[in-house]
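# Architecture and fold: a report
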Amino acid sequence: MVKNIAIGTGRRKTAVARVFVRDGSGKIVVNGKDVKEYFATEEQVKVLIQPLQVTSNESKYDILINVVGGGMNGQAAACLHGIARALVQIDPDARTSLKSNGFLTRDSRMVERKKYGQKGARRRFQFSKR
């Protein structure tokens, strides 16, 4: 039986990531796949591992992530948020470095809703004088 050391929930836009941190060798599994297999671009993987690099824990823990909703970039940012929260549970001293890099702050920017009588959130139909 593998024991979770810490659990963190990360969110970004409509993506929600549940992060489980365990003792291990630095393997990251997202939705049952390897992290490089799940995320399409290298940038998304780099975003995801930033909190581990800042706290120098790249090869200390195995991380299991369940992520749902949103697109790939939103999911990567949600995973980053969840990993950062879980690392704070393990080592409260890491909080200062994670906070100064902005990893503990939930990015609250959301898509603005479409308004009635308009083409989009801000875009309007073309005005006709006659």
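Scoring rules and cut-offs
- Residues numbered from 1 in each chain as written.
- Predicted model: local features only at pLDDT ≥ 70, side-chain atom pairs only at ≥ 80, totals over all residues.
- Heavy atoms only, no water.
- Helix = DSSP H or I, 4+ residues; strand = E, 2+ residues; numbered from the N terminus.
- Rg over C-alpha atoms; globule rule 2.2 N^0.38 Å.
- Salt bridge = Lys/Arg side-chain N within 4 Å of Asp/Glu carboxyl O.
- Buried < 20%, exposed > 50% of the residue type's maximum accessible area, 1.4 Å probe, protein only.
- Pairing = 2+ DSSP bridges.
- Contact = heavy atoms within 4.5 Å.
- Axes fitted to C-alpha atoms, helices over the stretch in contact; angles between N-to-C directions.
- Core = buried A, V, L, I, M, F, W, Y, C linked by side-chain atoms within 4.5 Å.

### Things to note about the overall build of the protein
- When helices and strands are counted, the protein shows four helices and five strands.
- Secondary structure elements in the protein, listed N-terminal to C-terminal, are β-β-β-β-α-α-β-α-α.
- In terms of C-alpha radius of gyration, the protein reaches 18 Å, well past the compact-globule figure of 14 Å for 130 residues.
- When its C-alpha atoms are laid out on the principal axes, the protein stretches across 70 × 30 × 25 Å.

### A short note on the pattern of salt bridges
- Counting across every chain of the model gives four salt bridges.
- The closest approach of N and O atoms between Lys115 and Glu112, which form a salt bridge, is 2.8 Å.
- Under the relative-accessibility criterion, Glu112 is labelled partly exposed at 37%.
- One salt bridge in this structure joins Glu112 and Arg122, with 2.9 Å as the shortest N-O distance. Of this pair, Glu112 sits in the segment after helix H4 (95-100) while Arg122 sits in the segment after H4, and the two are ten residues apart along the sequence.
- Residue Arg122 is classed as exposed on the basis of its relative accessible area of 63%.
- The network of salt bridges with common partners includes Arg12, Asp107 and Arg109.

### Considerations on the sheet that holds strand S4 (residues 33-34)
- The five strands lie next to each other as S1-S2-S5-S3-S4, forming an open sheet whose pairing is mixed. Each edge of the open sheet is held by one strand with a lone partner, namely strand S1 (4-12) and S4.
- Across the sheet, helix H3 (residues 72-90) is in contact with S1, strand S2 (15-23) and strand S5 (61-68); its angle to S1 comes to roughly 145°.

### What about the pairing of S1?
- Pairing of S1 with S2 involves eight bridges; the strand directions are antiparallel. Considered in S2, the bridge of Gly10 is made with Ala17.
- Between S1 and S2, which pair antiparallel and follow one another directly, the connecting turn spans two residues, one of which, Lys13, has a positive phi of 50°.

### What about the nonpolar core?
- The biggest cluster of nonpolar side chains holds 30 residues, and the ones touching the most others in it are Phe39 and Ile65.
- Looking at this core element by element, the count peaks at nine residues for H3.

### A few points about the environment of Ala77
- Turning to its location among the elements, Ala77 is positioned in helix H3.
- For the pair Ala77 and Gln126, spaced 49 residues apart in sequence, the C-alpha separation works out to 36 Å.
- Not counting residues up to four positions away in its chain, the partners in contact with Ala77 are Arg12 and Val47.

### Re the side chain of Gln75
- Following the sequence through the fold, Gln75 ends up in helix H3.
- For Gln75, a relative accessible area of 6% gives the class buried.
- Excluding residues within four positions of it along the chain, Gln75 makes contact with Ala15, Tyr38, Phe39, Val67, Val68, Gly69 and Gly70.

### A short note on the side chain of Gln44
- With respect to the helices, strands and loops of the structure, Gln44 is situated in helix H2 (residues 42-54).
- Residues in contact with Gln44, not counting those within four places in the same chain, are Phe39, Met72, Asn73 and Ala76.

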